[in-house]
Amino acid sequence: MNAQKSYKNLLSKIRAWEYIIFLCSSAAFVTLKGILLGKLLNHIEYASYNYFQIISGFGCIFIGAGIILRHHVELPSLLKENNSGKLYAFTSQSHSILIANSLISCIALSLFSFFSNGEVLLAALGAWQAILLLTFTLELIKLKSGEYFTKYAQKLLIRNLVIFLVAAATAYVTKNAIKTALAEVAINTILTGNLLITYCKNTSLPNLNYIKKTLKYIPLELFGALSQYQDRLAASFILSKMEFSRFSYFFIIINIGITLQQFINTKLIVSFSTEEVTSAFRKFRLGSISLTGIIVFTTSFVLITISSINMAPHWLNLDLESLCLIICIATFKGADLTQSYLICRHMKKLALILQLTATTTFILGMIYIYHQKITDLMYFLKFIATWQFICLTISTLIIWLKNRKQETCCNG
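None of the values given here were measured: they were computed from a predicted structure. (Residues numbered from 1 in each chain as written. Predicted model: local features only at pLDDT ≥ 70, side-chain atom pairs only at ≥ 80, totals over all residues. Heavy atoms only, no water.)

With that settled, the discussion passes to the nonpolar core. If you look at the biggest cluster of nonpolar residues, it comprises 63 residues, and the most contacted ones within it are L239, F247 and F380. With eleven residues, the next largest nonpolar core counts F22, F136, A153 and L156 among its residues. (Core = buried A, V, L, I, M, F, W, Y, C linked by side-chain atoms within 4.5 Å. Buried < 20%, exposed > 50% of the residue type's maximum accessible area, 1.4 Å probe, protein only.)

So, on to the pattern of salt bridges. Counting across every chain of the model gives four salt bridges. Of the charged contacts in the structure, one is a salt bridge between E243 and R246, with a shortest N-O distance of 3.1 Å. Taken together, the residues E243 and R246, both in helix 9 (residues 241-274) and three residues apart, mark about one turn of the helix. Given a relative accessible area of 9%, R246 falls into the buried group. One salt bridge connects K382 with E321, and the closest N-O pair in it is separated by 3.2 Å. Pair noted here: K382 is in helix 14 (residues 377-411) and E321 is in helix 11 (residues 320-335), with a separation of 61 residues, a long-range link. E321 gets classed as partly exposed once you look at its relative accessible area, which sits at 38%. (Salt bridge = Lys/Arg side-chain N within 4 Å of Asp/Glu carboxyl O. Helix = DSSP H or I, 4+ residues; strand = E, 2+ residues; numbered from the N terminus.)

Right, let's talk about the packing of helix 5 (residues 120-145) against helix 6 (residues 149-174) for a bit. Contact geometry of helix 5 with helix 6 gives a least axis separation of 8 Å together with a crossing angle of 155°. As far as their axial angle goes, helix 6 and helix 5 are roughly antiparallel. With respect to the hand of their crossing, helix 5 and helix 6 are arranged in left-handed fashion. On helix 6, the residues touching L133, F136, L140, L143 and K144 of helix 5 are F149, K151, Y152, K155, L156 and R159. Looking at the contact of helix 5 with helix 6 residue by residue, the classes come out as seven nonpolar, no polar and four charged. (Axes fitted to C-alpha atoms, helices over the stretch in contact; angles between N-to-C directions. Parallel < 35°, antiparallel > 145°, perpendicular 65-115°, else oblique. Left-handed = near helix turned anticlockwise from the far one by under 90°. Contact = heavy atoms within 4.5 Å. Nonpolar A, V, L, I, M, F, W, Y, C, P; charged D, E, K, R; others polar.)

This brings us to a nonpolar patch on the surface. Where nonpolar side chains cluster on the molecular surface, the patch consists of I363, L364 and I367 and spans about 290 Å² of accessible area. Relative to the elements of secondary structure, I363 occurs in helix 13 (residues 348-371). (Patch = residues over 30% accessible without salt bridge, like charges linked within 9 Å, V, L, I, M, F, W, Y side chains within 5 Å. Areas by Shrake-Rupley, 256 points an atom, 1.4 Å probe, with all protein chains shown as cover.)

So far we have only geometry, and geometry alone does not tell us how the molecule works.
Okay, here's the thing in structure tokens:
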């Protein structure tokens, strides 16, 4: 009896940790893919592959502007109401906007690449990948909103594992970025195709009220997309292909911070939407502090491991100063949960002001660097680390003061 009880307790503990285990494994495959491709491709091909990654990642948020945030904020309450009519009306209207945005974005991006003498095939692949990513993202949001966290993590793990195997195998055989991107898009189409067809079938024209509400979220989401990708976009324009490849490789490690932030966000976002402000903010602060420690440890461990087993590409030139700056950037990115908190607490105006201020200061800094013709990666990393530290400090202080004021009013 005691053995059976111990076995059941062990199973319950494993189930409780399933969500974290699956998500960490999923993130590990994304990280490993970037590391292997860096080793298999030369710096020019690696740069091209990362241009494709930027197009698909930024394009996903750009195409889904307004839709992604609305799903995050409104789906949890719609699912709790258990009203199938309301739920279908909401999702079917978002599907029609998704399809329209996708067509417009694909045409615009292809034309821009053609007239700017860019790689049209790479741009087209990135645009199609963005549509597939958005389709998959909306499905994940639905699972998160229904609090099916383990199922959400399982789906993400399976997808990332399959894409990792296909991309790594293609890069090993071809040593070509476009063929690797093509293989990745092909397998992603197979994995997401049925879902996309379902979305196309379940569509209805959006009414005026839906469009008005969605438009309110668009500025905030576009600034959010820009803030998430602005350092990589700036690097792709300012740095040479060699330096951009180095930055992209470093970004694999920085991405650990972003991924861990998303893990905590997934759990905290429900608290932000449903609990009282004071309780949610305590979790927000605790999550940020915990995450900072995790990121510093994980980033250091991954970089030291890469160097020790000679997995790093010959063009990387990793040094101690770069390592410290990467750890700082990863930490600041991972610890920043302010936007999720403000949006879920219906403080969209404050969130937009903070986003606008941060983006403006970043653009001004990049204009100065470009004007001075500074192409040194170390200078670029120093600027990003300093800028992120200042933004995180100011935004956290503003939220703390705002909540302290609300607590004082309530107690009074």
